[in-house]
Amino acid sequence: MGERMEAAIKKYQEIQEKNLEGGGAQHMERQHSRGKLSARERIEALIDSGTFRELGSCVGTTSMRIDGQIPDAPCDGAVVGTGRVNGRMIMVHASDFTVLGGSVGAQHMLKFARPIELAAMWRIPYVILLDSSGGRLGYRDVPMAGIDWQFRLQSVYSGVIPQITVLMGPCIAGGAYIPALCDFLIISRNSGNMWLGGPRQTQAATSEVIDRNVGGADYHMQFSGSCDLVGDSDEESIQHCRQLLSYLPQSFREAPPLWERTDDPEREVPALADIVPDAYEETYDMHDVIRHLVDEGDYFEIKDEYAKNLITCFCRFHGQVVGLVANNPMYPGSILEPDSCDKYYRFLQVLDAYNIPLVNLVDTPPAVPGESDEAKGLIRHVGKITDVYATATIPKISVILREAYADAGSMIMGGLKGMGADLTYAWPIARFAVEASQADYRKLYGKGIEEDAYEAYLNRSRETVDAFETARTWTSQIVDEIILPKDTRKKIVEALEITRNKAEKLPDRAKNHTAPPV
């Protein structure tokens, strides 16, 4: 070996050793004292052992301080590479908080953006392990640091490859759009916070004092709806990510992975007749129904603490991945309101983008808005679900358990065949109507309602039609078949098999999207 090669190898080894130290022992110890893993520890927790292959390990910072000095910043605070999760390849980016607080300079941002292009080209998911103090303030090259490029690439490749952010540290100002643009956001309850302003900035600008819990995992799960999953620690949050990836395809070109079939597709579920009361006014928890239907009783719920009157989850039927959306009568009458509409809309967008069939379990009265919901735009919220449901080309299967009223039940939960449901089943106790209210509109509105209008429409609108009357004629376009509760699982399995090769093409248009209400 020549001297030149020997010197180059030594330099390479020195860089790699320094990279392993991150920002140094002191910063690493502080990271651990906060209950946080280092960037490389997070990557090792995410990927299958020994599969990480780093890219850009010799990158350093080009950020020059105002005083003219360039700091020592291994990898410019961003560890990037490929690895395998459950044997399947992914691209991963981990910001290193021990290096300049994980702040974003020009090279750091390039290590955000370029891997998205590579992942999209290679058709593999992109996972961001985020722990960053934001823009690298006090440096000459960082006014935007290329974050605009990052935003554009995330948007361009949305729906092309799965994009997931696991937030395990601060995420402030413009950087908060990075997780918002991903398909899924997982936040660590121990360490994750996300704000556009943040407590200090908001107080400095407006004198308003914000509790630090604002912007935390529970806040974004329960109130803003920005969070999809919460973990108690870095380790649990990363395990959620591993589990989520098991339900997603590598890209929009593939079907979701088919896992080992361990549950009998012909299994009957007689317990359902006892779980669901035949008295329509009685409530029950739809989670119990789901647990009895899906393979091994195992499902993976998304936004479980947000808009709890609607359940969105991934599960499997005979090994096939399904996105399941169900009303939950345990909470305010399982009525769809603006928050649950947002939850449903976003989930259905992801299902359609990644070829994941939709199964609806329906038991809901109509959307009955008060002044607050009207002011929030319930009409357009329901309208956008109508749009995405009608234009989704994935298999759409619906089972009506008890009640399907009006827009919330019969239309956007898959109960009206004209909306594009492939197969709609109904239990024998199912009933349908335009609305459930028994109010006398003549008394409510006085002479503003004409007598013949009341008889011709207002009275007839709450006439309840049972499943047998609905199924008697196909012209009703509601029910394909009445099924017994105990046969629900095997009928869903059959429907998924029947629609496996579904091929539906939307009308040609100049753009590959509609213009739905927002």
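Report follows, based on the coordinates. (Residues numbered from 1 in each chain as written. Predicted model: local features only at pLDDT ≥ 70, side-chain atom pairs only at ≥ 80, totals over all residues. Heavy atoms only, no water.)

## Considering the side chain of K396
Reasoning step 1: Here K396 lies in strand 14 (residues 396-405).
Reasoning step 2: Of the side chains with opposite charge, E504 comes closest to the buried, unpaired K396, at an N-O distance of 5.0 Å.
Reasoning step 3: Among the polar contacts listed, one links the side chain of K396 to the backbone oxygen of Y389, at a separation of 2.7 Å.
Reasoning step 4: Beyond its immediate chain neighbours, meaning those up to four positions away, K396 contacts L358, Y389, A390, M419, G420, A421, D422, L423 and K502. (Helix = DSSP H or I, 4+ residues; strand = E, 2+ residues; numbered from the N terminus. Buried < 20%, exposed > 50% of the residue type's maximum accessible area, 1.4 Å probe, protein only. Lys, Arg positive; Asp, Glu negative; His and termini not counted. Salt bridge = Lys/Arg side-chain N within 4 Å of Asp/Glu carboxyl O. Polar contact = N/O pair within 3.5 Å; in protein donor to acceptor, adjacent residues only side chain to side chain. Contact = heavy atoms within 4.5 Å.)

## A few points about the packing of helix 3 (residues 39-46) against helix 9 (residues 234-245)
Reasoning step 1: Taken N-terminus to C-terminus, the directions of helix 3 and helix 9 make an angle of 40 degrees; their axes are 9 Å apart at the nearest point. Comparing their axes, helix 9 and helix 3 come out oblique. Crossing of helix 3 against helix 9: the hand is right-handed. For the pair formed by helix 3 and helix 9, the contact residues are R42, A45 and L46 on the first element and D234, I238, Q239, C241 and R242 on the second.
Reasoning step 2: For the contact of helix 3 with helix 9, a count of residues per class yields four nonpolar, one polar and three charged. (Axes fitted to C-alpha atoms, helices over the stretch in contact; angles between N-to-C directions. Parallel < 35°, antiparallel > 145°, perpendicular 65-115°, else oblique. Left-handed = near helix turned anticlockwise from the far one by under 90°. Nonpolar A, V, L, I, M, F, W, Y, C, P; charged D, E, K, R; others polar.)

## Digging into the nonpolar core
Reasoning step 1: L46, L129, I164, L244, F314, Y344 and F432 are the most contacted members of the largest nonpolar core, which has 63 residues in total.
Reasoning step 2: Broken down by element, the residue count for this core peaks at seven residues, all from helix 12 (residues 338-353).
Reasoning step 3: Among all residues touching L244, those that are not within four sequence positions of it are I164, F184, I186, L229, F300, I302 and F314.
Reasoning step 4: Core analysis: the next-biggest nonpolar cluster, separate from the first, contains 33 residues, I116, L118, A119 and I124 among them. (Core = buried A, V, L, I, M, F, W, Y, C linked by side-chain atoms within 4.5 Å.)

## Regarding the packing of aromatic side chains
Reasoning step 1: All told, the structure shown has six aromatic pairs when counted by the stated rule.
Reasoning step 2: Taken together, a centroid distance of 5.6 Å and an interplanar angle of 50 degrees make the contact between Y219 and F223 tilted. Of this pair, Y219 and F223 both sit in helix 8 (residues 217-224), four residues apart, which is roughly one turn of that helix.
Reasoning step 3: Taking relative accessible area as the criterion, Y219 reaches 31% and is therefore assigned partly exposed.
Reasoning step 4: Through successive ring pairs, a cluster of aromatic residues spans F184, Y247, F300, F314 and F347.
Reasoning step 5: Positioned above the aromatic ring of Y345 is the side chain of K384, whose terminal nitrogen or guanidinium carbon lies 5.3 Å from the ring centre. (Phe/Tyr/Trp six-rings, centres within 6.5 Å; stacked < 30°, edge-to-face > 60°. Lys NZ or Arg CZ within 6 Å of the ring centre and 35° of its normal.)

## Describing the sheet that holds strand 3 (residues 88-95)
Reasoning step 1: Spatially, seven strands are ordered 1-2-3-4-5-7-9 in an open sheet, and the strand pairing comes out mixed. Looking at strand neighbours, the two that pair on one side only are strand 1 (53-55) and strand 9 (229-231), the edges of this open sheet. Pairs of neighbouring strands in the sheet enclose a mean axial angle of 20 degrees, with direction left out of account.
Reasoning step 2: In this sheet, strand 3 lies alongside strand 2 (residues 78-85) in antiparallel orientation, the contact comprising eight bridges. Among the inter-strand pairings, G83 is bridged to a residue of strand 3, identified as I90.
Reasoning step 3: In the packing of helix 8 onto the sheet, contacts are made with strand 7 (184-188) and strand 9, and the angle to strand 9 comes to roughly 155 degrees.
Reasoning step 4: Contacts from helix 9 reach strand 2, strand 3, strand 4 (126-130), strand 5 (163-167), strand 7 and strand 9 within the one sheet, and its direction differs from that of strand 7 by about 160 degrees. (Pairing = 2+ DSSP bridges.)

## Points about the pattern of salt bridges
Reasoning step 1: Per the counting criterion, the structure on display carries 27 salt bridges.
Reasoning step 2: As a salt-bridge pair, R189 and D232 come within 2.2 Å of each other at their nearest N and O atoms. Highlighted residues: R189 in the loop between strand 7 and strand 8 (193-195) and D232 in the loop between strand 9 and helix 9, separated in sequence by 43 residues.
Reasoning step 3: We note a salt bridge from K490 to D487, for which the minimum N-O separation is 3.5 Å.

The values are spatial; any link to function lies outside them.
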